[in-house]
Amino acid sequence: IIVDDGSIDNTEEVVKKIQENRVYYYKHDKNKGGSAARNTGISLAKGEYIAFQDSDDEWLPEKLEKQIGVFNNQTKNVGVVYTGFYRIEGNNKTYIPSSKIEKKEGNIHDQLLKGNFITTQAMVVRKECFEITGGFDENLPRFQDWELVIRLSKYYQFKCIDEPLVVSYYTQNSIS
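Reading the values: rules and limits
Along each chain, numbering runs from 1 in the same order as the chain's sequence is written. Only residues with pLDDT of 70 or above have their local features reported here, since the model is predicted, and side-chain atom pairs are shown and tallied only from 80 upward, although totals for entire chains, interfaces and linings are computed over all residues. Side-chain metrics in this entry use all non-hydrogen atoms of the structure; hydrogen atoms and water are not considered. Here the rule is simple: two strands pair whenever DSSP picks up at least two bridges between them. We count a stretch as a helix when DSSP gives it H or I for four or more residues in a row; a strand needs E for two or more, and each element gets its number in order from the N terminus. Like charges within 9 Å and nonpolar side chains (Val, Leu, Ile, Met, Phe, Trp, Tyr) within 5 Å are joined into patches, using only residues over 30% in relative accessible area that form no salt bridge. Only the protein chains shown count as cover for residues, and the accessible areas themselves come from Shrake-Rupley with a 1.4 Å probe. By definition here, a salt bridge exists when the distance from a side-chain nitrogen of Lys or Arg to a carboxyl oxygen of Asp or Glu is within 4 Å. The rule is simple: take the accessible area with a 1.4 Å probe, protein chains only, and divide by the maximum for that residue type; under 20% is buried, over 50% is exposed, in between is partly exposed. What we call a nonpolar core is a set of buried Ala, Val, Leu, Ile, Met, Phe, Trp, Tyr and Cys residues that are connected through their side-chain atoms within 4.5 Å. Every helix has an expected span of 1.5 Å times one less than the residues it contains. Counting rule applied: Lys, Arg positive; Asp, Glu negative; His and chain ends not counted. In what follows, a contact means two residues having at least one pair of non-hydrogen atoms within 4.5 Å.

J.: Report on the pairing of strand E6 (residues 92-96), specifying residues and quantitative values.
T.: Note that strand E5 (residues 78-89) and E6 share five bridges and pair antiparallel. In the strand pairing of E6, Ile88 is matched with Lys93. Between E5 and E6, which follow one another and run antiparallel, lie two residues, and Gly90 among them has a positive phi close to 65°.

J.: Could you give an account of a nonpolar patch on the surface, naming the residues involved and the relevant values?
T.: Residues Ile1, Tyr24 and Tyr26 make up a contiguous nonpolar surface patch of about 290 Å² in total accessible area. With respect to the helices and strands, Tyr26 occurs in strand E2 (residues 25-27). Using a relative accessible area of 34% as the deciding quantity, one classes Tyr26 as partly exposed.

J.: I'd love a proper account of the pattern of salt bridges, names of residues and values included.
T.: Under the counting rule described, the total for this entry stands at 12 salt bridges. The salt bridge involving Glu147 is made with Arg151; its shortest N-O contact spans 2.7 Å. On the criterion of helical spacing, the pair formed by Glu147 and Arg151 is a turn pair, its members being four residues apart in helix H6 (residues 144-155). On the basis of relative accessible area, Arg151 is assigned to the buried category, the value being 17%. Members of the salt-bridge network, linked through shared partners, are Glu48, Lys76, Arg126 and Glu128.

J.: Please provide a residue-by-residue account of the nonpolar core, values included.
T.: Residues Tyr82, Phe117, Ile118, Met123, Leu152 and Phe158 are the most contacted members of the largest nonpolar core, which totals 27 residues. Mapped onto this core, the elements with two or more residues apiece are E5, strand E7 (123-126), helix H5 (129-133), H6 and strand E8 (157-169). No other element matches the four residues that H6 contributes to this core.

J.: Tell me about H6, and name the residues and values.
T.: Under the 1.5 Å per step criterion, the end-to-end length of H6 is 18 Å for 12 residues, consistent within 8% with the ideal 16 Å. When H6 is considered as a whole, its buried residues turn out to be Gln144, Asp145, Leu148, Val149, Ile150, Arg151, Leu152 and Ser153.

J.: Lay out the side chain of Asp145 in plain terms, naming residues and giving numbers.
T.: Of note, Asp145 is situated in helix H6. Lacking a salt bridge, the buried Asp145 has Arg38 as its closest oppositely charged neighbour, with an N-O distance of 7.1 Å. For Asp145, the contacting residues outside a window of four places in its chain are Asn116, Ile118, Thr119, Thr120 and Phe136.

Set out below in structure tokens:
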């Protein structure tokens, strides 16, 4: 599912060239923000799991396969499987979550209250979790991902694949 959040570039033309019937394109009439776009994607999704990919970040090819493999060996109380990621800012490359994070999986609610170490692009979430917690808060201009994982962590366990399977590019215009 590709949610075009009212872009004025050639996204629609590029997507229409993709010859794949599994690709679904939806365009907001006007820009509503990342949270609204993600919530639109969640509402349109029919699958059991939700993963998020922004246009300016990268997934490594094995990311989803590894995450679904972890889900296949868990009970329903595990709602999120996330991976480590590289955050690129200029010439600096930082691995997150750092080794200083004391608890990376299980009940990580208290750890998340101290700071966020999970980017949206690194998560796969059971779709049913959004029925309990709701989606992204569309009223927040920043930190929507952090607020969401805090809510998710109140109800669900997290599993971590502690290896970089996402590359996240930080720019001055980033809302992270």
